[in-house]
Amino acid sequence: MSQRRSVWSIDDGPAWPALSGSERCDVVVVGGGITGITAALLLQRRGRAVILLEAREVAAGTTGGTTGKLTSQHGLIYHDLAERHGWEVAQAYADANQGALRIVESLDNETGAASELTRASAIVYDIDGSNSDRLQAEYEAAIRLGLPARLTGDTGLPFEVAQALEFTDQAHFHPVRYCRALATEFQNSGGRIFENTRATDVEESTGQVQVGTEHGSVTAQDAIVATLLPIVDRGGFFAKTKPWRAYGVAARLTGPPPTEMYISVSQPIRSLRPWPAGGRNGAIIVGESHPTGDDSATPGRWGELERWVNENFEVDSFDYRWSAQDYDTADGFPYIGRSPFSERTFVATGFAKWGLTNGTAAAVMLTDEILGEDNPHAEVFSAGRIGDAKTVTELIKTNTATAVEWVRDRVGRLSLPELADLERGQAVIVSVEGQAAAVYCDASGRCHAVSPTCTHLGCSVRWNDAENSWDCPCHGSRFGIDGRVLNGPATAALARVEIPGSASREESLEPVEETDALVDEWIDNSFPASDPPGEVPPGMSGDSSDRPPR
Ligand code: FES
């Protein structure tokens, strides 16, 4: 029977305490994924006293939900980057990600991570030849950038493909074992880690920055916010990024598994690789991406993946099912560096599901920037390439208006007796005595009611049937049925709503109508009329894009 957790989740290994009280250090890192833990280790080794805060456990978030591919081949990206932004940007992206592969391998060796890091090719394949021009263009771009690329028709897959683009000498590994080994090394070097410690705010004042949490605070000279999307977002990244969810399964096959790493170039996107811990015939398959908060977040996503695996391989069992989230950026590559409107806060976001190399590269760039050292890629990836404020403002208002309209259209008019008839497993957004409530009926028949108003910027959450969570379509915050935060950028729980006759606790409910005021306040604070929105390197803009899932 399939387990509903990531194939990389582990029950053994070190654990760290939660923060309690006040602490001081040189650099506080918020977020214990691959970006945060790598930066923490590099800074600690360079003589900084570092504290790492993680809302759950180290590497339990998106890092622990990836395919575990370490590659500079990110689908078809280089020709597009060169076309949109020029060869300098494409070269920086190629060099940063190829360099990250070498850094991971080096740290893996140094820390004895037991991450099963294995060299393999990364292959993007075209089934029917309809993308041959794109593959050719990508191949030519890759060669010009010095990447180890070649066109081939021989993939090792158990089905025919018209053509494929192979990057040789890439790698796959166990991302959680790797990050936990880095965390242990970080601690052995004098660093301190606090798990189950969710940061709630990051405040800069003269000469220092303070990170607040529910049960304490850390004061430091600098802060790195590596929380997928920054929890404190003075740079407007939430308006220039788009959250996506993707689904994964781990299978034991009766026949040979994939020997290399693969991804299809056209829909349905399928990403696969060997799964060494699954025995000789283990395989991991990821796909079925959709925007977070989409209505089609259902368990059927895993069903589609498993149907595809059954059609193409002989399957013995499906052992794990999970999903994960990441953000695409408006201009197609990550934002890394000092946060706009900040002196001492540094961010990294928008890895577009390729965060194992992008996140490692980001850790190096952030380390160099904090230490005041040059980094050859810092200017290209600058977090200050914010685009024009007008575009950002329009995006925020459009996103928010969409969500408000959605909930206005769909808030039911159920009366309380009808609410009591909700079926087990059913979730609805209803009006309870004049107030909107997101209500879920659990397996025992008990209703859980929370405000549908996201605590980040006031959009309305939607039910995720696959994960039993309330997901915000605007910027990807996710909440449990009791309202607690599962994914930021929100840092506060959804307010509970009392249903008369239930055991739920009553708290204030924020009216949906207050959304516009919240957004206006954020815009006024972030883009004062006299203040430019941030540097915009030549050839870059904050225009929105809607890159397909990979
Ligand atoms: Fe931004 Fe919900 S995540 S409003």
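Computed from a predicted structure; not experimentally measured.

A. Representation of the overall build of the chain. Across its full length, the chain holds 12 helices and 26 strands. For the chain, with 550 residues in total, the buried portion stands at 59%. Contacts in the chain between residues far apart in sequence, at least 24 positions, make up 71% of those at least 6 positions apart. When the accessible surface of the chain is split by element, carbon and sulfur atoms take 45% of a total near 21,100 Å².

B. Broad picture of the sheet that holds strand β21 (residues 435-441). In space, the 3 strands of this open sheet follow the order β20-β21-β22, with antiparallel pairing throughout. Of all strands in the sheet, those bounded by a partner on one side alone are β20 (427-432) and β22 (447-450). Here the average twist between neighbouring strands, direction ignored, is 35°. Bridge analysis of β21 against β22 gives 4 bridges, and the strand direction is antiparallel. Residue pairing in the sheet places Y440 in a bridge with H448 of β22.

C. Structural detail: the layout of surface pockets. Considering only enclosed or pocket space, the largest pocket measures out at about 810 Å³ in volume. Taken together, the elements giving at least two residues each to the lining of the largest pocket come down to α5 (175-188), β17 (315-329) and β26 (485-487). Per-element accounting of the lining of the largest pocket gives the leading share, 5 residues, to β17. A per-class count over the lining of the largest pocket returns 11 nonpolar, 10 polar and 11 charged.

D. Main features of the sheet that holds strand β1 (residues 21-24). Strand order in the open sheet formed by 4 strands is β1-β11-β10-β9, and the pairing between neighbours is mixed. The sheet is open, and its two edges are formed by β1 and β9 (199-205), each paired on a single side. Taking the axes of each pair of neighbouring strands and ignoring which way they run, one obtains an average angle of 15° across the sheet.

E. Main features of the confidence of the model for the chain. Across the chain, the average pLDDT comes to 85, with 84% of residues at 70 or higher. Contacts from residues 503-550, a stretch scored under 50 in pLDDT, to residues over four places away or in other chains number 109 contacts.

F. Layout of the pairing of strand β2 (residues 27-30). In β2, alternate side chains face the same way, and those of V27 and V29 on one face and V28 and V30 on the other are all buried. The pairing of β2 with strand β3 (residues 50-53) spans 4 bridges and is parallel. Bridging from a neighbouring strand, V30 pairs with L53 of β3. The handedness of the β2 to β3 crossover, carried by helix α1 (residues 34-45), is right-handed. Note that β2 and strand β12 (residues 222-225) share 4 bridges and pair parallel. Considered in β12, the bridge of V27 is made with D222.

G. Up close: the state of the cysteines. The full count for this structure, using the stated rule, is 1 disulfide. A sulfur-sulfur separation of 2.0 Å characterises the disulfide bridge that pairs C459 with C474. One quick way to see it: the torsion about the S-S bond of C459 and C474 is about -90°, and its sign makes the bridge left-handed. Remark: C474 occurs in the loop between β24 (469-471) and β25 (478-479) and C459 occurs in the loop between β22 and β23 (462-464); sequence separation between them is 15 residues. The closest cysteine sulfur to the non-disulfide-bonded C447 is located on C441, 4.6 Å from its own sulfur. Since its relative accessible area comes to 16%, C447 is described here as buried.

H. Inspection of the pattern of salt bridges at higher detail. All told, the structure shown has 21 salt bridges when counted by the stated rule. Residue R45 is joined to E185 by a salt bridge in which the shortest nitrogen-to-oxygen separation is 3.4 Å. One end of the pair, R45, is in helix α1; the other, E185, is in helix α5, with 140 residues separating them in the sequence. Judged by its relative accessible area of 23%, E185 falls in the partly exposed class.

I. View of the packing of aromatic side chains. Counted by the stated rule, this structure contains 13 aromatic pairs. Their ring planes at 70° and their centres at 5.9 Å tell us that Y78 and Y93 sit as a pair that is edge-to-face. In this pair, Y78 is assigned in helix α2 (residues 78-85) and Y93 in helix α3 (residues 87-111), connecting sequence segments 15 residues apart. Residue classification places Y78 among the buried residues on the basis of a relative accessible area of 0%. When its relative accessible area of 3% is taken as the criterion, Y93 is described as buried. Taken together, the ring pairs in this structure connect Y78, Y93, F167, F333 and F381 into an aromatic cluster. A cation over an aromatic ring shows up here: R144 above the ring of W87, its NZ or CZ 4.0 Å from the ring centre. Over the ring of Y335 we find R385, and its NZ or CZ is 4.1 Å from the ring centre.

J. Region of the structure containing the environment of G32. Among the secondary structure elements, G32 is positioned in the loop between β2 and α1. The spatial distance from the C-alpha of G32 to the C-alpha of T63 is 9.0 Å, given a sequence separation of 31 residues. If we skip the residues at most four places from it in the chain, G32 touches L52, L53, E54, V58 and A59.

K. Representation of the environment of P158 in the model. Relative to the elements of secondary structure, P158 occurs in the loop between β6 (149-152) and β7 (163-172). In this structure, the C-alpha to C-alpha distance between P158 and F313, residues 155 residues apart in sequence, is 7.3 Å. Once you skip the residues sitting within four places of it in the chain, P158 turns out to touch N312 and F313.

L. Looking closely at the packing of α3 against helix α8 (residues 355-371). α8 packs onto α3 with a crossing angle of 90° between their chain directions and a minimal axis gap of 8 Å. One finds that α3 runs roughly perpendicular with respect to α8. Contact residues: α3 offers Y93, A96, N97, A100, L101, I103 and V104, while α8 offers T357, N358, T360, A361, V364 and M365. Tallied by class, the residues present in the contact of α3 with α8 amount to 9 nonpolar, 4 polar and no charged.

Calculation criteria
- Residues numbered from 1 in each chain as written.
- Predicted model: local features only at pLDDT ≥ 70, side-chain atom pairs only at ≥ 80, totals over all residues.
- Heavy atoms only, no water.
- Helix = DSSP H or I, 4+ residues; strand = E, 2+ residues; numbered from the N terminus.
- Buried < 20%, exposed > 50% of the residue type's maximum accessible area, 1.4 Å probe, protein only.
- Contact = heavy atoms within 4.5 Å.
- Areas by Shrake-Rupley, 256 points an atom, 1.4 Å probe, with all protein chains shown as cover.
- Pairing = 2+ DSSP bridges.
- Axes fitted to C-alpha atoms, helices over the stretch in contact; angles between N-to-C directions.
- 1 Å grid on protein atoms, 1.4 Å probe; cavity = no way out; pocket = protein on both sides within 12 Å on 5 of 7 lines; lining within 4 Å.
- Points joined across faces, edges and corners; volume = space filled by probe spheres on them.
- Nonpolar A, V, L, I, M, F, W, Y, C, P; charged D, E, K, R; others polar.
- pLDDT = per-residue confidence, 0-100.
- Right-handed = clockwise from strand over helix to strand, strands pointing away.
- Disulfide = S-S within 2.5 Å.
- Salt bridge = Lys/Arg side-chain N within 4 Å of Asp/Glu carboxyl O.
- Phe/Tyr/Trp six-rings, centres within 6.5 Å; stacked < 30°, edge-to-face > 60°.
- Lys NZ or Arg CZ within 6 Å of the ring centre and 35° of its normal.
- Parallel < 35°, antiparallel > 145°, perpendicular 65-115°, else oblique.

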